Number of protein chains: 4
Amino acid sequence: MSKDILKIGAREFSSRLLVGTGKYRDFDETREAVEASGAEIITVAIRRTNIGQEPGQPSLLDVLPPDRYTLLPNTAGCYTADDAVRTLRLARELLDGHNLVKLEVLGDADTLFPDMTQTLAAAETLVKDGFDVMVYCSDDPIMAKRLEEVGCVAVMPLASLIGSGMGILNPWNLRLIIDNARVPVIVDAGVGTASDAAIAMELGCDGVLMNTAIARAQNPVLMASAMKKGVEAGREAFLAGRMPRKLYSGAPSSPTSGLITG
Amino acid sequence: MSKDILKIGAREFSSRLLVGTGKYRDFDETREAVEASGAEIITVAIRRTNIGQEPGQPSLLDVLPPDRYTLLPNTAGCYTADDAVRTLRLARELLDGHNLVKLEVLGDADTLFPDMTQTLAAAETLVKDGFDVMVYCSDDPIMAKRLEEVGCVAVMPLASLIGSGMGILNPWNLRLIIDNARVPVIVDAGVGTASDAAIAMELGCDGVLMNTAIARAQNPVLMASAMKKGVEAGREAFLAGRMPRKLYSGAPSSPTSGLITG
Amino acid sequence: MSKDILKIGAREFSSRLLVGTGKYRDFDETREAVEASGAEIITVAIRRTNIGQEPGQPSLLDVLPPDRYTLLPNTAGCYTADDAVRTLRLARELLDGHNLVKLEVLGDADTLFPDMTQTLAAAETLVKDGFDVMVYCSDDPIMAKRLEEVGCVAVMPLASLIGSGMGILNPWNLRLIIDNARVPVIVDAGVGTASDAAIAMELGCDGVLMNTAIARAQNPVLMASAMKKGVEAGREAFLAGRMPRKLYSGAPSSPTSGLITG
Amino acid sequence: MSKDILKIGAREFSSRLLVGTGKYRDFDETREAVEASGAEIITVAIRRTNIGQEPGQPSLLDVLPPDRYTLLPNTAGCYTADDAVRTLRLARELLDGHNLVKLEVLGDADTLFPDMTQTLAAAETLVKDGFDVMVYCSDDPIMAKRLEEVGCVAVMPLASLIGSGMGILNPWNLRLIIDNARVPVIVDAGVGTASDAAIAMELGCDGVLMNTAIARAQNPVLMASAMKKGVEAGREAFLAGRMPRKLYSGAPSSPTSGLITG
């Protein structure tokens, strides 16, 4: 595999693992885990993390410098389109015009499920305003298509709820999204362990974004390495083309269809 | 992770991926795939592969030399304890007394499910005869314990049927076997893609053995690399200690138990 | 269980199985299957079925008379809010002011996945116009809540895609919807066999609506009977309160949480 | 469906639900639950339940008279073939020569997983001794075939461990057993709720035996009714022939095979 490039808008990346920066013990652990993950795109919750808003305080940019990583400001904690748009405009200022962002508008503080109506509205505004919008969304294939149509550069459906670690609850919907998308599809939220990341990639996703699964592992740095390998394993398996499934060696064809057939 | 050694009997290995040598296009493809897999233990079907029985014919040992790999002769194609024992004695002669072997006694040419009664009988004979027996078995936890008790150096339960690529059909039985074993537990048969291998390792298996999943991928060499990373990803995730599952971020604890509770 | 009533708006029903009327061989088979199902609510695709629009042609009302069944006109085949609203207004005229309807607005002719933006718009219009709206929707819990808030009398999330028979693909989302709803939650679409219906009811759904699973079974009338029993079985199991799951008899508690925990 | 008879040896039954009698509050609850279940075959743990061994004590036969139910003495609590054989000979005496029995030989007091070697030995002895042996077993298809070959009148593979309520963990193995069996296959152990029973029947099982799922429900009598309907629903769905699965309405064929195919 000489070259397997992930293109998001005009940008190109070698790593297909995107990571968050929340929930770590301190900035040192953040840095070590990010390094072990091999991630090139690092998402940052603008409302919770100092990237210069608070001069004099320690800044994440000290440990993850923008000349080495592609920062991806996100709107974690925003519950309306307006809030999300305002937050990302602030981020753009702080980051000298950097326009690649991750939009998320949440519907509910318990489940952190996205509010797709507000998300769609915010996406339209941001695209018109010159942002390259990567957008966190439900696994609704119609909504994913709409977000692509309004100009988002990547759609980021959940595997399961943010912080749940439940893995990919509905691979079928992901599959519909992937089959119809002309922009990268990046699973965002819900991955709990390395095999979840591998499964997402084997389904044909272009990348995986995660935070809690690494930060809340007992050993975050080792888990970051596991995730790096899990994403690569899944990607290579997808490109290699897996063997067909058969119920048993001598069986004629795919068995799974017939499971409960009378 | 400075050192994570797999001990089988008195032997030590760094790789936890064991591979077979059947179903490849030719010996060259076999060698390339084996190299990409990083495997140190290579299993060989004595009844189907020339390792010296047929002088003058190309030998697998030419491409996979015993000074570089640990050969693991196996009894694929044997349906009785007697046949299996005879086959492995022949292998020991051919390999100058090499006594590490993989026993499998099949019950049925269609499903290739093991015949556990014959397997147990053969295992007892072979252990008494000085072999280090790694044994292919069903996922019956009582049988797995018995095989350990008669002296096998590793138990190798199926994930699903040989050549099926169905993945791990019953993780619960695997879990019971792992929780009770004092010898390595190596999943043998049924792995279809990289995430299957990762899941096996995350469950706590000590290793994974596979053949068809690599040899019958569209690109076997790339799949071998995927499997190497999948096994390492799963192992590291297991050692790192994954985050707990929760139905949603604010949920009190494990959700999976309550799914269909009234 | 003396009385277990399903209330939809002001109407009360004993049966929790709702059935469609499409895809049968003829009206006779439709009638027999509906009778075997025990359903009291019968949904009818206004754009495809004659309930009086075409005088002189055979009418479904001849075999399923409105004095015996509660007809539920639906908007199958509508892809915009306007179309759906227009269709249901026509139905109300044809049925002498009958105002209980099932709204569906599809996003795509291949998947028949709902267009939730258009669905929400149509629901608002119809509620204001005096309809009792039961609404087909995705399993997005935020959207389901919004539909309840605009005044729908029941929310009807899909189990899987219309006509797919794939069963309940994401029980977790259904669970979130059920836990938050104050109107009946009725699974609509995706049920393929009797156990699917039972599972939906065990999750706590208030009812199940289906069509293809009965009409496209090899023996539709027998499958209708199976579905009746499946819904009742699941409902009674839900009310009876199932035993807790344990990995094994002597295990301390729920095992499912720990499956792949390191 | 005029007649759908379950034949076990020479005996014929209308109900396909077999129930146990342990873990109830008292004999009254046992009787009520058994009646609600519609079961005709009632299994009794000879070592734990008085059916006459202790004259003067309340006997189960008072509430479940042998002229109304077919009693099925079982060997719960036996860990060797000898113990099991001895127990069933005692039962035959107590029950005036009644020779239909359920054999179980356990391997382990924690998991209650069967010891298949001992089970097979006991089955051979009992068949030669004139018993009609229904046999609890693992889901190993080779073992199930062997038990049929030694003359058992029914094989009873576990769905999951006794008392676990985990449902059907490996439907694929059950399927192999069913496809190869010429005697009835009755799922025994592991059913937790009504949908589990329905799924077993939809797979093509001839019956389901359960105890804990009813006795340990919050409302055992209502759960018994749910189970009756669940078994009937699954049986009818099996006979009716379910619709094929498709990922979406317009999809060409079975989707499940392609899930993670590259």
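This structure is a prediction, so every number in the text was calculated from the model and none was measured.

## Considering the overall build of chain A
Each helix and strand in chain A was counted, giving nine helices and 10 strands. Computed over C-alpha atoms, the radius of gyration of chain A comes to 19 Å, within 12% of the 18 Å expected from 2.2 N^0.38 for 262 residues, which places it in the range of a compact globule. Seen along its three principal axes, the alpha-carbon backbone of chain A occupies a region of about 70 × 40 × 40 Å. Counting the 262 residues in chain A, one finds 65% classified as buried. The long-range share in chain A, meaning contacts at least 24 apart out of those at least 6 apart in sequence, stands at 64%. As displayed, chain A has an accessible area near 9100 Å², and 45% of this comes from carbon and sulfur atoms. Seen as two clouds, the 26 positive and the 33 negative side-chain charges of chain A have centres 5 Å apart.

## A short note on the interface of chain B and chain A
Chain B puts 48 residues into the contact, and the matching count from chain A is 48 residues. Both sides together, the interface formed by chain B and chain A hides about 3700 Å², and carbon and sulfur atoms give 64% of it. On the surface where chain B and chain A come into contact, there are four salt bridges. For Glu 236 of chain B, the salt bridge identified is with Lys 229 of chain A, shortest N-O distance 2.6 Å. Where chain B packs against chain A, one counts 24 residue pairs in polar contact (both at pLDDT 80 or more). For the side of chain B that touches chain A, the secondary-structure elements that each account for two or more residues are helix 7 (194-202), helix 8 (212-215) and helix 9 (220-240) of chain B. Sort the elements by how many residues they give to the side of chain B that touches chain A and helix 9 of chain B lands first, with 12 residues. For the side of chain B that touches chain A, the class distribution of residues is 23 nonpolar, 16 polar and nine charged.

## Description of the UniProt feature "binding site: 1-deoxy-D-xylulose 5-phosphate" (unreviewed entry) in chain A
Residue and element names in this part refer to chain A. Here, UniProt's "binding site: 1-deoxy-D-xylulose 5-phosphate" (unreviewed entry) annotation points to Gly 163, Ala 189, Gly 190, Asn 211 and Thr 212. With the annotated positions falling across 50 residues, the maximum pairwise C-alpha distance of 9.4 Å places them together in a single cluster. Relative to the assigned elements, Gly 190 resides in the loop between strand 9 (186-188) and helix 7 (194-202). Beyond its immediate stretch of four places on either side in the chain, Gly 190 contacts Ala 159, Ser 160, Leu 161, Ser 164, Gly 165, Met 166, Gly 167 and Asp 196. Mapped onto the elements, Asn 211 comes out in the loop between strand 10 (207-210) and helix 8 (212-215).

## Looking at the relation of the copies chain B and chain A
Overlay of chain B on chain A (RMSD 0.0 Å): rotation 180°, translation along the axis 0.0 Å. Taken together, the rotation angle and the small translation identify this as a two-fold axis. When the interface residues of chain B are mapped onto chain A, 100% of them again lie at the interface, so the same face is used by both copies.

Conventions we followed
Residues numbered from 1 in each chain as written. Chains lettered and ligands numbered in written order. Predicted model: local features only at pLDDT ≥ 70, side-chain atom pairs only at ≥ 80, totals over all residues. Heavy atoms only, no water. Helix = DSSP H or I, 4+ residues; strand = E, 2+ residues; numbered from the N terminus. Rg over C-alpha atoms; globule rule 2.2 N^0.38 Å. Buried < 20%, exposed > 50% of the residue type's maximum accessible area, 1.4 Å probe, protein only. Contact = heavy atoms within 4.5 Å. Areas by Shrake-Rupley, 256 points an atom, 1.4 Å probe, with all protein chains shown as cover. Lys, Arg positive; Asp, Glu negative; His and termini not counted. Charge placed at Lys NZ, Arg CZ, Asp CG, Glu CD. Buried area = accessible area lost by both parts, 1.4 Å probe. Salt bridge = Lys/Arg side-chain N within 4 Å of Asp/Glu carboxyl O. Polar contact = N/O pair within 3.5 Å; in protein donor to acceptor, adjacent residues only side chain to side chain. Nonpolar A, V, L, I, M, F, W, Y, C, P; charged D, E, K, R; others polar. UniProt positions renumbered as here; feature names shortened; annotations may be inferred. Least-squares fit on C-alpha atoms with pLDDT ≥ 70 in both.

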